[in-house]
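# A look at the structure
Spelled out from the first residue to the last, the chains are:
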Amino acid sequence: MGKFDDLPEARRRGLEKMEQVYGFDMTDGDGDFFRYTAEHVFGDIWQRPGLSDRDRRLFLIGLLVGQRADDVLGIQVPAALANGELDATALRELVILACHYDGWPNGSRFNSVVENAVAKAARTDGAG
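### Focus: the confidence of the model for the chain
- When pLDDT is averaged along the chain, the result is 94, and 98% of the positions lie at 70 or above.
- At the level of individual helices and strands, the chain shows its lowest average pLDDT in helix α6 (residues 104-127), which scores 92, and its highest in helix α5 (residues 88-102), which scores 97.

### A few points about the nonpolar core
- Core analysis: the largest hydrophobic core is formed by 20 residues, its most contacted members being Ile61, Leu73, Val77, Leu91, Phe110 and Val114.
- Only α3 (53-67), α4 (70-82), α5 and α6 provide two or more residues apiece to this core.
- Considering every element that reaches this core, the biggest residue donor is α5, with 6 residues.
- If you look at the next biggest cluster of nonpolar residues, it comprises 10 residues, including Met26, Phe34, Phe42 and Trp46.

### Let's talk about the pattern of salt bridges
- According to the stated counting rule, one finds 11 salt bridges in the structure shown.
- When the shortest N-O distance is used, the salt bridge between Glu9 and Arg12 registers 2.5 Å. With Glu9 and Arg12 both in helix α1 (residues 9-22), this residue pair falls 3 residues apart, about one helical turn.
- Under the relative-accessibility criterion, Arg12 is labelled buried at 18%.
- Taken together, the salt bridges that share partners define one network made up of Lys3, Glu19 and Asp25.

Rules behind the numbers
- Per-chain numbering applies: the sequence of each chain, read as written, is numbered from 1 onward.
- For this predicted model, a pLDDT threshold of at least 70 governs which residues receive local features, and a threshold of 80 or more governs which side-chain atom pairs are given and counted, while totals over whole chains, interfaces and linings are taken from all residues.
- For the side-chain quantities, the full set of heavy atoms in the structure was used; hydrogens and water were omitted.
- For every residue, the predictor assigns a confidence score, pLDDT, that lies between 0 and 100.
- The numbering of helices and of strands both runs from the N terminus, where a helix is a DSSP run of H or I of at least 4 residues and a strand a run of E of at least 2.
- Definition of nonpolar core: a set of buried residues of the types Ala, Val, Leu, Ile, Met, Phe, Trp, Tyr and Cys, connected through side-chain atoms within 4.5 Å.
- The cut-offs for exposure are 20% and 50% of the maximum accessible area for each residue type, with area from a 1.4 Å probe on protein chains only; residues under the lower value are buried, those over the upper are exposed, and the others partly exposed.
- Between Lys or Arg on one side and Asp or Glu on the other, a salt bridge is scored when a side-chain nitrogen of the former is within 4 Å of a carboxyl oxygen of the latter.

This is the structure we're talking about:
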């Protein structure tokens, strides 16, 4: 039995997808914001046909870079590494692309997020 099996179907599907996408354990939350996030964004949008999780992640990372949302990039980039969707080489290529299409200062901020995630992943891999 899964840890979310006692929840309504939409909530269960969403929380399970959140765990898959983010790569860490999720717990159920309260309030409308969490409900829409779990049930709609992850229970529906992330599960639609037509794009892989990697495709969605690439698009999302691009949007987040453009919005200068380094806090959320700090979740998405490590998750992309951990899930094997993007490796260090691919992430560094995204940095170069971002620098030229969204400006050097923003690409530099993104580079910091990427290099921190790559270094942390390397330390984790070396420790395990």
